[in-house]
Amino acid sequence: MAWYFYLIIVLAVVLVLFLLFTYNGLIRVRNQMKNAWAQIDVQLKRRHDLIPNLVETAKGYMTHERETFESITKARNLAQKAVGTGVGAQSKAEGELSSVLSKLLMVVENYPDLKANTNFLALQEELSSTENKIGFSRQFYNDSVMGYNNKIQMFPSNVIAGMFGFKTGEFFEIEVAAERAVPKVSF
Amino acid sequence: MAMGGILVLIGYLIGVAFFSNAYAGLILALVIWFIMNLVAYFAGDSILLGISKAKKITHDDHPRLFNVVEEMKIASGLEYMPSVYIIDTPAMNAFATGRNPKNASVAITAGLLQKLNRDELQGVIAHEMAHIKNRDVLLMSLCSVLLGTIVILAWYASRIMIYGAILGGGRSRRSGGGGGQGQIIIFIVAIALMIIAPILAYLIYFAISRKREYLADASAAQYTRYPEGLASALEKLSQSTHKLETANNATASMFIINPLKRSERAAADLSSTHPPISERIRILRSMAGGASFYDYNTAYSAVHSGKSVMGAASLTGAAPVSIRGASAAAVAAEPEPTRIERARETSNVLWKYSKHKLVNCQCGTKLRVPPNYRHSNIKCPHCGRINTIPHS
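Computed from a predicted model, the values in this text were never measured in an experiment. (Residues numbered from 1 in each chain as written. Chains lettered and ligands numbered in written order. Predicted model: local features only at pLDDT ≥ 70, side-chain atom pairs only at ≥ 80, totals over all residues. Heavy atoms only, no water.)

Draft legend 1. Broad picture of the overall build of chain B. Assigned secondary structure in chain B consists of 13 helices and 8 strands. For chain B, buried positions account for 48% of its 392 residues. For chain B, long-range pairs separated by at least 24 residues make up 63% of all intrachain contacts whose partners lie at least 6 apart in sequence. Approximately 19,200 Å² of chain B is accessible, and the part contributed by carbon and sulfur atoms is 61%. (Helix = DSSP H or I, 4+ residues; strand = E, 2+ residues; numbered from the N terminus. Buried < 20%, exposed > 50% of the residue type's maximum accessible area, 1.4 Å probe, protein only. Contact = heavy atoms within 4.5 Å. Areas by Shrake-Rupley, 256 points an atom, 1.4 Å probe, with all protein chains shown as cover.)

Draft legend 2. The arrangement of the pairing of strand β3 (residues 94–97) of chain B in detail. Residue and element names in this part refer to chain B. The two faces of β3 match: A94 and A96 on one face and F95 and T97 on the other face are all buried. As paired elements, β3 and strand β4 (residues 105–109) share 4 bridges and run antiparallel to each other. Within the sheet, the bridge partner assigned to A94 lies in β4 and is I108. (Pairing = 2+ DSSP bridges.)

Draft legend 3. Looking closely at unusual backbone geometry. Omega for the peptide link from A:F155 to A:P156 comes to 5 degrees, which places this bond in the cis form. Along the chain, the position of A:P156 falls in the loop between α5 (118–153) and α6 (157–163). Non-glycine residue B:R135 carries a positive phi angle of around 60 degrees. Turning to its location among the elements, B:R135 is positioned in the loop between α5 (118–133) and α6 (136–166). Among the residues examined, B:R135 registers a relative accessible area of 42% and is labelled partly exposed. With a phi angle near 60 degrees, B:R225 is a residue other than glycine that sits in the positive phi range. Residue position: B:R225 is located in the loop between α8 (179–224) and α9 (227–238). Among the residues examined, B:R225 registers a relative accessible area of 11% and is labelled buried.

Here it is in structure tokens:
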């Protein structure tokens, strides 16, 4: 046997191992991303379930906010319909819901009776914690997407990704008008 | 690793010096080490929670604490929700324990829980969650087992040596001949090592512990995207004057701040499980650019004249991470209970777990009836009504 015969075998083994590890690595980060997305879904669903309770409790006290309640219910129903329609469409609907909700929570300060209601306080704690959880799961999801996309676009793993048709992940961005606006300070 | 090496070496030398067989001492050391490891691995968390008298809580006992733990679980990307415990003491501290993320627990003292607002609580819990995620609990308990074994072995070895010398039974003298000189040298080296080994082991242990604290601080900043939360929590912690009675040397490194040190030293201290709080606060507060590991490392270098706290591998490829605002500004009208409400929230949990019965008097007073109260009626101290105590 000639020496180049062994060289070819060694090169082939190295190539197969490289293929194997890169492919498995890609699958791993993609699964992590999918799992992170499932986490967001859980929290979004929890928010959809909490809103009717909150509206029901607050309605009796906040008699001047009928329009706000209507817009919240509408946004919630739209968001619920958007479940499963893809990251982009869903993040738009959820962003809408977040901004009308924050409007409601801002005017709670004007209703001292409502703030004394323990039931409402518990709901408010749950809702704002769910908002935080959505934020943190979004943060973790976007970090995972970033890691996954880096792998897909960087050499040499991008070659394997192209061969097996890995598609780039989509970021989940909630655009809340109130978050971007300058905070208003009133004395 | 280094400590394991020292342990093997000391075992070897004990064997050479006392059993005239190198392997006897070595096997002894390894057997002791193995048994202690098993105990620490399987029962370490329940022992720690037990001696701290920690009470396990559910979501309904303290929604705010439970929610914050869940938020940080999500932010850290942990798969399992850790158990949440409250320790009934005015001292201010918190710790994480558990051999793996699946069996992890987070405990916080009532004193700390009452003092912190939501952002600060988030910082503290994120720090503990980072310990779980980085598997520091396992690492530090292995290290402390190693440390303990080295200290015990060195202690026994020195006793045996002293008594051996008093009783005049010098094996080396009796054997005489050519081997004598070599044995004396081994003897001297053994004595030197028995003195140096525990000191070395302590220093390595403390150095590892401090490094893991910095890493947990950096992770907390990354999870919360808000280093100021942890910084201001640490500031409150450093002002506490209560001492945690249940803490000891073995458990010290598990806590968020060293439960044993009373006086805060400015200089870096080689014999402490934790870096000085003032320094940790300074690093967190100088994270101006963002909340990633890279930003923490930059802040650390600025405080420590160019030294780096993390390996280069964990810093490359990181995306820029921006710091968020305080939660009150970001989330509109976040319910932020006042100090009195927070104290009441916490004490309600503790009352419940000390099996006090709650009697609501018609005048609005809440009476707490201790479990050893014998009568079936109780008089309200405010309005004088006689209330019946419900049977549980």
